[in-house]
Amino acid sequence: MENSERSPLLNGNHIEQHMTLRQGVSNSWYNGHDCAVEAKSGREIEGAEVITKTYFTRFWILFIFSFLAWFQCAQWNTWGPISESVDVAFPGWGAETVAMMGNWGTIMFVVGIVPMCWLMEAKGLRAGVLACAGLIAAGTVMRIIPFATSSDVFFTVMSHLCAICVGLAATLVMAAPPTIAAVWFPPEERTTATAVSQVFNQLGNVGSYMEPLLVRAPRNGTKAEDIRTDIKLLLYIGKRFVFFWVWSVCVLLAWISSSPPSSSSPSSSIRTHTFYLIFSFRNRDLLLVTMSFGITVGIPLTWLSVLNFSLHELGIDQDDAMWIGILAVVLSGVSGLLAGRVTDAVYGHVKVSLILLMAATLACFFWFFLLAWGTVEVTRWQVYFSVVGGLALNFATAPLFMELAVEASFPCPEVVVGGMLTGADNFVGLLFLLLFFIPNIGYEWVTYSLLATGALAIIPLLLVRENYARSSIDRADGHEAPTKLL
């Protein structure tokens, strides 16, 4: 089928009206070197010569953004890993309030994804990252202001406001990775670059799951006031960290532009002048990828913020849950990086890789389902393997979904595509966390959700037609076309 029939975004006349080609310029600050398409020969797209270069600065940009993503996730998941301690320190909270703190992230993502993506597309990557850093800093400071009054009600209100700010910052933290990869990195590094920033965001859960090392559990005669003192110390550490790092990020980013002087690849030289949101909803394959991503990733990632409750039903206490969470997040990072690097190295097999990873994830969650329902006797090693394996394999699909979606929707801006995918998974996560507010619902339904969504998500992915539109432009210099396995 012709590209124009498969995606309205690939209609030749439409591209001609809404894109320009950035010409290469020199800048001693970036000290770049020629990429696969050498500057002396260049390439022609739409009759214009395109000079492509890569810059060492790209690794610095990726590091700054990735560390910001790490801190954002650590702040978002502050309360879940210490839920037992919070119940004693703040008796009025309970599971509903802890779940709501995490749910603000999904709510604000759904509400703020369009305006925040527009901000970054219209004002540039630097403006978006600075806004993200400012929101995280403001939220972190808000949460310690009530300590001057010792009012539980004031503390609860400010904690909600902090969760709102951190949740709004997540819109760019989660949507921007494919944009950074496309603007700054060459084709053979793009999926890996996307995976790095996503992995750092996921690793933020490690920081939050280490909180029980600082905040005492409510046992062995530990008093509520002692736990409150521990929580105050935890939040003060977050405040000092945010002043040391987030504000230094703002200063450093002020000296770095939103994009390199010369394009990193032929496809990145195509700069669009429209937001493309309406056209994205007409792209069949993009909608199918978005649906599959939202269903398969939304619940497992959100489940991490309330993992304690499910594990408590199996006799796993807060301290053991901490190590399960840490191991799950660390191995998720490893699996995400491996998936991204293999995709860059073995070009053209994203769809079959996703199906295999999703099937393996489903097997792990089915194992956990059998444990939760007593079909298999509960042992610690089985809980570790089923939970850690399922979450790690599930997260490995994230950079691959991003790559498949960007390819299918080219030349739609990557931030719009990233926003659509992460908006879908946050919407599903929002519905998941809202179920915790149903009185006496318990936690057994969580295992049903993991199993059902994991199976359903494979169906729309099977209907996706692989379309490597962006890579076809970048690899038009003699590389072989991708081999279709499905």
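Further up the page is the structure itself.
Overview of the structure.

### A word on the packing of helix H16 (residues 380-395) against helix H17 (residues 397-409)
Consideration 1: Here H16 crosses H17 at 20°, and the two axes come no closer than 5 Å. The pairing of H16 with H17 is recorded here as roughly parallel in orientation. Seen from H16, the contacting residues are Leu393, Asn394 and Phe395; seen from H17, they are Thr397, Ala398 and Pro399.
Consideration 2: By residue class, the composition of the contact of H16 with H17 is 4 nonpolar, 2 polar and no charged.

### Let's talk about the nonpolar core
Consideration 1: Among the nonpolar cores identified, the biggest contains 66 residues, and Leu354, Phe401, Leu404, Val417, Leu421 and Leu461 are the most heavily contacted of them.
Consideration 2: In this structure, valine 417 is in contact with Leu286, Ala405, Val406, Ser409 and Cys412, ignoring residues within four places of it in sequence.
Consideration 3: Counting 55 residues, the second largest nonpolar core, distinct from the first, contains Val86, Leu307, Phe309 and Ala328.

### Structural notes on the packing of aromatic side chains
Consideration 1: If you walk through the whole model with that rule in mind, you get 22 aromatic pairs.
Consideration 2: Taking 6.3 Å as the distance between ring centres and 80° as the angle between the ring planes, the aromatic pair formed by tryptophan 303 and phenylalanine 365 counts as edge-to-face. Of this pair, tryptophan 303 sits in helix H12 (residues 284-303) while phenylalanine 365 sits in helix H15 (residues 350-372), placing them 62 residues apart in sequence.
Consideration 3: Given the relative accessible area of 0%, tryptophan 303 is considered buried.
Consideration 4: For phenylalanine 365, a relative accessible area of 3% translates into the label buried.
Consideration 5: Put simply, the rings of Trp79, Phe90, Trp93, Phe147, Phe155 and Tyr236 touch in pairs and so form one group of aromatic residues.

### Some points on helix H18 (residues 414-434)
Consideration 1: For H18, which comprises 21 residues, the first-to-last C-alpha distance of 30 Å matches the rise-based estimate of 30 Å (1.5 Å per residue) to within 8%.
Consideration 2: Counting buried positions along H18 gives 18 out of 21 residues, so the element sits mostly inside the fold.

### Brief notes about the pattern of salt bridges
Consideration 1: What the rule picks out here adds up to 6 salt bridges.
Consideration 2: Among the ionic pairs, aspartate 285 bridges to arginine 284, the shortest N-O distance being 3.0 Å.
Consideration 3: Each of Asp152, Glu225 and Arg228 takes part in one network of salt bridges that share partners.

Quick notes on the rules
Residues numbered from 1 in each chain as written. Predicted model: local features only at pLDDT ≥ 70, side-chain atom pairs only at ≥ 80, totals over all residues. Heavy atoms only, no water. Axes fitted to C-alpha atoms, helices over the stretch in contact; angles between N-to-C directions. Helix = DSSP H or I, 4+ residues; strand = E, 2+ residues; numbered from the N terminus. Parallel < 35°, antiparallel > 145°, perpendicular 65-115°, else oblique. Contact = heavy atoms within 4.5 Å. Nonpolar A, V, L, I, M, F, W, Y, C, P; charged D, E, K, R; others polar. Core = buried A, V, L, I, M, F, W, Y, C linked by side-chain atoms within 4.5 Å. Buried < 20%, exposed > 50% of the residue type's maximum accessible area, 1.4 Å probe, protein only. Phe/Tyr/Trp six-rings, centres within 6.5 Å; stacked < 30°, edge-to-face > 60°. Expected span 1.5 Å × (residues − 1). Salt bridge = Lys/Arg side-chain N within 4 Å of Asp/Glu carboxyl O.

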